[in-house]
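Take a look at the letters that make up each chain.
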Amino acid sequence: MYKTASSSATSSILRAASSRSPLLSFLNPSAASPSPSSLPVRRSFATCFRSLPRWSHCLHSRPSSFRLSSQIRAVSPVLDRLQRTFSSMASEHPFKGIFTTLPKPDGGEFGKFYSLPALNDPRIDKLPYSIRILLESAIRNCDNFQVTKEDVEKIIDWEKTSPKQVEIPFKPARVLLQDFTGVPAVVDLACMRDAMNKLGSDSNKINPLVPVDLVIDHSVQVDVARSENAVQANMELEFQRNKERFAFLKWGSTAFQNMLVVPPGSGIVHQVNLEYLGRVVFNTKGVLYPDSVVGTDSHTTMIDGLGVAGWGVGGIEAEATMLGQPMSMVLPGVVGFKLSGKMRNGVTATDLVLTVTQILRKHGVVGKFVEFYGDGMSGLSLADRATIANMSPEYGATMGFFPVDHVTLQYLKLTGRSDETVAMIEAYLRANNMFVDYNEPQQERVYSSYLELNLDNVEPCISGPKRPHDRVPLKEMKADWHSCLDSKVGFKGFAIPKEAQEKVANFSFNGKPAELHHGSVVIAAITSCTNTSNPSVMLGAGLVAKKACDLGLQVKPWIKTSLAPGSGVVTKYLLKSGLQEYLNQQGFNIVGYGCTTCIGNSGEINESVGAAITENDIVAAAVLSGNRNFEGRVHPLTRANYLASPPLVVAYALAGTVNIDFETEPIGTGKNGKDVFLRDIWPTTEEIAEVVQSSVLPDMFRATYESITKGNPMWNELSVPENTLYSWDPNSTYIHEPPYFKDMTMDPPGPHSVKDAYCLLNFGDSITTDHISPAGNIQKDSPAAKFLLERGVDRKDFNSYGSRRGNDEIMARGTFANIRIVNKLLNGEVGPKTIHIPSGEKLSVFDAAMRYKSSGEDTIILAGAEYGSGSSRDWAAKGPMLQGVKAVISKSFERIHRSNLVGMGIIPLCFKSGEDADTLGLTGHERYTIHLPTNISEIRPGQDVTVTTDNGKSFTCTVRFDTEVELAYFNHGGILPYVIRNLSKQ
């Protein structure tokens, strides 16, 4: 934004004030006397004046409570004397020469912007569109403090610099939260205000300086299903369980400026972002710039389908972004993914995204952007693109980006954006060479690597039974299922003996005989932002249900069926099309507007069904239109979980089993006594297109989102205090003051050593954040359950771990509490236990961790590849920190989780290529010393360190502090103490 030019003047003054390195002065304060050029000033100066107003859909906005002048005086008397100099130099933005006007066709102007073409640099023309967004942000925010001209040059020279893993700062335009991650974020902000108070600073400095949108969508559970009253009943239960959490979030929306909270019952965060919150182009006080967003949910990437650069980050990193800190990131490589051809009749967007996920997972795209292009783009609707972008975390990329084109503009109009807004978006993006017009010759862009997919080769498929990228072509599903039964326990195996594979579990359901087999479907859920935002697959599911009803097929009554739309728009077009009644007949009544089954909020299954599964050791199946199927996530009793398109969810519910070959075996028997096959109820592409055309209308989007901002009666009745400091209730089991800043002083503690640490857990590959910090049910015999029972909470009111994330006491106990977790210290036993090495006792992970902690012993974790994959849960880092874990040594880390570990002061280390705990002969019974320098100035990003054990072993690891800024976080004990000290010095 042009007004940030004033800090350019500050830049020259502060640089002149010190000849020392500002970074070294900050990292080692004792090495120099306090100086205006120290990094706390450098890293936060722009926060003094950067405050973005809410956009047109805001609920409220309050002016900033502090002024630039007072902040300058707080920094240094020298700066106070030079205020007049600042005034005269305020226009000296480093790139003021390319700040130009964007005229309207009929006169007047849309606003002003920083013009990339005006740089006249041929390198920019070859940049991927996703990198151009990073470039524009760097230019606009360039103040030679937080963002320098050197940073801009690095991005322009992307083709040469990205292979070198250079570091750049990035300032997103906004932050997106959902309630599972939003509650702990607001808890942290409230706690930071208290910390500022204790340090004698202004607590109001803890305020978001960029727009923050928080959508409450993760709390609704499928308690009631197969009922016309399910939506109302589930929402009432949701408010009963979460009233305290919701009131806390409502308090946050009034106590913190720039924060919009979308009430429960409105929809899934990413669909609301796509249909309503996404700006594509901001116009803030007459300055135009591309929309960009970081979110505390890993599927924030869904917005990439709209041409908005967005990805998931850890909650603590998002909090720093809210408070004006630039994100430090490695300039990513970009994989160019060319799409050609056209999808065949009957193939869905879900089939496409599962195929793309498998291709990209195989190629290896962790830490990279993926940018889609090619002739095949014209045949992909915006919803199809958003489906592909949504699953970026599953294929490992930071983004799956689709540049804005005519399809994007059509979608913006469909979803109720005004003609004037769409005209402004198109004009700006065309003027800044960020718009793709496939009717014109394409400028060749350079990518780090290239992939291509002919859409004609995509075939119907599902993924599972335990990982999203384990794609199975539909025609091979029966054979694959039998292979899974035969194979040893693993991602594709259940180790069921041959003689037990035909076992029949007989039980009584509502007084009638019923039976289950291995592979019987007990949960069928149309759920998740991945698919519920796509009218073609949602209406396709309705057509399957209608055809099944017409032929006399019926889903078995013991299968828990549910439909959880991502927004009220879905309900409107399902009703208009007349298809909702057929979904209802098959048990797919609408149960609520939220994530539900996809995040483990599937609710209980019938007791008789559960007993039949457990008593007979049945491998029961769930089929859902979600994006995650990790073991233990969907439901504790469904060991096999398959991701499928909504129409296939209905088909598998009708079949009642995943042990079926749809091509050769009937799905059921029709009312005429004849076999009915999948092909008999599967709609054609033309049928789906026709009902989409007639049923999905712009007025539906306008009406839905006009009512969203009005809330609902239960939300509006919540009363909240008006004070800006939160009054913590020590007896609350939902909201608790965390201990992160206890005894904090203004002096950074410096790097912590790890000496003679015990191994708390020894893991293999693919330990997910669901294993580390489960979101679903609180098991009745767990440490968290014991804690709640001791405080008078009935089992029926336990709620979920996800809903309890505002209470550190519960979340520390819930860390590593997944019932399917496999710890090598237990020699094959599955469950949330470990061995306390000194005593040899088998304890819950929490109890063992507390015993180590009480005796003053450090602990570390050993892990295999892809440690921390899955959802971007900051509790997967906060929990281990509270348990006393000092370091994690793994073969590789998931991007967001590694960042979260750094943010909480935990050292991430990687084994050298070709090595792991097994090859090095490490059992986890050793004691570990990590030989890391105790002076931060002696540590470099990515340096090698030696790890030794008490039995004489020695090996080398790479320290995964990837940037200098991450080293600064480590020096301060984490990112939040860094920010507090930073702001306190202003």
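Residues numbered from 1 in each chain as written. Predicted model: local features only at pLDDT ≥ 70, side-chain atom pairs only at ≥ 80, totals over all residues. Heavy atoms only, no water.

Tell me about the overall build of the protein, and name the residues and values.
Check the secondary structure of the protein and you find 38 helices and 34 strands. Relative to the globule expectation of 30 Å for 986 residues, the C-alpha radius of gyration of the protein, 28 Å, shows essentially globular dimensions. For the protein, the spread of C-alpha atoms along the three principal axes comes to 90 × 80 × 55 Å. Residues counted as buried form 64% of the 986 residues belonging to the protein. Intrachain contacts of the protein at a sequence separation of at least 6 include 76% that bridge at least 24 residues. Accessible surface for the protein amounts to roughly 33,800 Å². Of this, 49% is attributable to carbon and sulfur atoms. (Helix = DSSP H or I, 4+ residues; strand = E, 2+ residues; numbered from the N terminus. Rg over C-alpha atoms; globule rule 2.2 N^0.38 Å. Buried < 20%, exposed > 50% of the residue type's maximum accessible area, 1.4 Å probe, protein only. Contact = heavy atoms within 4.5 Å. Areas by Shrake-Rupley, 256 points an atom, 1.4 Å probe, with all protein chains shown as cover.)

Quick rundown of the sheet that holds strand 14 (residues 399-401)? Include the residues and the values.
In spatial order, the strands read 14-13-12-15; together these four strands make up an open sheet with parallel pairing. Strands at the two margins of the open sheet, each flanked by one partner only, are strand 14 and strand 15 (449-454). Direction aside, the axes of adjacent strands within the sheet are offset by 20 degrees on average. The sheet contacts of helix 15 (residues 349-363) involve strand 12 (334-340), strand 13 (369-373) and strand 15, and relative to strand 15 the element is tilted by about 150 degrees. (Pairing = 2+ DSSP bridges. Axes fitted to C-alpha atoms, helices over the stretch in contact; angles between N-to-C directions.)

Describe the confidence of the model for the protein, with residues and values.
Averaged over all residues, the pLDDT of the protein is 88; the fraction at 70 or higher stands at 91%. Predicted confidence for residues 1-90 stays below pLDDT 50, and this span has 185 contacts to residues more than four positions away or in other chains. (pLDDT = per-residue confidence, 0-100.)

Provide a residue-level description of the sheet that holds strand 10 (residues 309-312), including the pertinent values.
Strand order in the open sheet formed by five strands is 6-5-4-9-10, and the pairing between neighbours is parallel. The outermost strands of the open sheet, each flanked by one partner alone, are strand 6 (259-262) and strand 10. Across this sheet, the average inter-strand angle for adjacent strands is 20 degrees, counted without regard to direction. As judged from the four bridges shared by strand 9 (residues 292-295) and strand 10, these two strands associate in the parallel manner.

Before we move on, can you summarise the domain arrangement of the protein with the specific residues and values?
Interfaces are often sized by the amount of accessible area the parts lose when they come together. Each assigned domain of the protein is listed here: domain 1 (174-457), domain 2 (501-696) and domain 3 (754-773 + 815-984). Put simply, the middle of domain 1 and the middle of domain 3, counted by C-alpha atoms, are 30 Å apart. Between domain 1 and domain 3, a total of about 2,200 Å² is buried, with carbon and sulfur atoms accounting for 60% of that surface. Contact with domain 3 buries area across many residues of domain 1, yet I316, Q325 and S328 alone supply 25% of it, more than any other trio. Put simply, domain 1 and domain 3 have eight residue pairs in polar contact (both at pLDDT 80 or more) between them. Broken down by secondary-structure element, the contributors of at least two residues to the side of domain 1 that touches domain 3 are helix 11 (179-198), strand 10, helix 14 (315-322) and strand 11 (327-330). In terms of residue count, the dominant contributor to the side of domain 1 that touches domain 3 is helix 11 (six residues). Grouping the constituent residues of the side of domain 1 that touches domain 3 by class yields twelve nonpolar, eleven polar and six charged. (Domains from an automatic or database assignment. Buried area = accessible area lost by both parts, 1.4 Å probe. Polar contact = N/O pair within 3.5 Å; in protein donor to acceptor, adjacent residues only side chain to side chain. Nonpolar A, V, L, I, M, F, W, Y, C, P; charged D, E, K, R; others polar.)

If you had to explain the environment of A525 to someone new, which residues and values would you point to?
Tracing the backbone shows A525 in strand 20 (residues 521-526). Look at A525 and you get buried, because its relative accessible area is 0%. Along the sequence, A525 and T596 sit 71 residues apart, while their C-alpha atoms lie 8.9 Å from each other. In this structure, A525 is in contact with S562, T597, V623, L624, S625 and V649, ignoring residues within four places of it in sequence.

Which residues make up the side chain of N641, and what values go with them?
Here N641 lies in strand 23 (residues 640-643). Relative accessible area serves as the criterion here: at 0%, N641 is assigned to the buried category. A distance of 2.8 Å separates polar atoms of two side chains, one belonging to N641 and the other to T638. Residue contacts for N641: discarding those within four places in its chain leaves S463, G464, P465, K466, A622, N629 and V634.

Quick one: what's the story with the side chain of D437, residue by residue and with numbers?
With respect to the element layout, D437 can be found in the loop between helix 19 (419-431) and strand 15. Setting aside residues up to four positions removed in sequence, D437 forms contacts with H406, R430 and Q442.

Now, about the nonpolar core: what can you tell me, with residues and values included?
Note that soluble globular proteins tend to have their nonpolar side chains buried in a common cluster. Within the largest apolar cluster, 275 residues are counted, with the highest numbers of intra-cluster contacts made by W311 and F372. Here the element with the most residues in this core is helix 11; it accounts for eleven residues. Sequence-distant contacts of F372, that is, excluding residues within four places in its chain, are made with F337, L339, V356, L360, M377, I388, Y395, G400, F401, F402 and P403. I860, I930, V959 and F961 belong to the second largest nonpolar core, which has 27 residues in total. (Core = buried A, V, L, I, M, F, W, Y, C linked by side-chain atoms within 4.5 Å.)

So what's going on with helix 16 (residues 382-390)? Residues and values would help.
Of all nine residues making up helix 16, nine are buried, and the element is well covered by its neighbours. Along helix 16, the residues that are buried comprise L382, A383, D384, R385, A386, T387, I388, A389 and N390.

Can you lay out the packing of aromatic side chains for me, pointing to particular residues and giving the numbers?
Counted under the stated rule, the structure contains 28 aromatic pairs. Ring centres of W481 and F494 lie 5.9 Å apart, and the angle between their planes is 50 degrees; on these two criteria the pair is classed as tilted. Separated by 13 residues along the polypeptide, W481 in helix 20 (residues 477-486) and F494 in the loop between helix 20 and strand 18 (505-509) bring together distant segments of the chain. Classification of W481 as buried rests on a relative accessible area of 0%. Under the relative-accessibility criterion, F494 is labelled buried at 5%. (Phe/Tyr/Trp six-rings, centres within 6.5 Å; stacked < 30°, edge-to-face > 60°.)

Any details on the packing of helix 22 (residues 535-551) against helix 28 (residues 685-695)? Residues and values, ideally.
With their axes 9 Å apart at the nearest point, helix 22 and helix 28 run at an angle of 110 degrees to one another. Viewed along their axes, helix 22 and helix 28 adopt a mutual orientation that is roughly perpendicular. Between helix 22 and helix 28 the crossing geometry is right-handed. Touching P535, S536, L539, G540, L543 and K547 of helix 22 are E687, I688, V691 and V692, all from helix 28. For the contact of helix 22 with helix 28, the class distribution of residues is six nonpolar, two polar and two charged. (Parallel < 35°, antiparallel > 145°, perpendicular 65-115°, else oblique. Left-handed = near helix turned anticlockwise from the far one by under 90°.)

Mind laying out unusual backbone geometry, listing which residues take part and the relevant values?
Following G464, the chain continues into P465 via a peptide bond in cis, with omega recorded as 10 degrees. Looking at the secondary structure, you find P465 in the loop between strand 16 (461-463) and strand 17 (471-473). The backbone phi angle of N433 is positive, close to 55 degrees, even though this residue is not glycine. Along the chain, the position of N433 falls in the loop between helix 19 and strand 15. Phi angles above zero are rare outside glycine, and E866 is one such case at about 60 degrees. For E866, a relative accessible area of 25% translates into the label partly exposed.

Please provide a residue-by-residue account of the environment of N951, values included.
Mapped onto the fold, N951 is located in the loop between strand 33 (944-949) and strand 34 (954-959). Using a relative accessible area of 45% as the deciding quantity, one classes N951 as partly exposed. Remark: the alpha-carbon pair of N951 and Y276, spanning 675 residues in sequence, is separated by 59 Å. Polar side-chain contacts of N951 include one of 2.4 Å to the side chain of T949.

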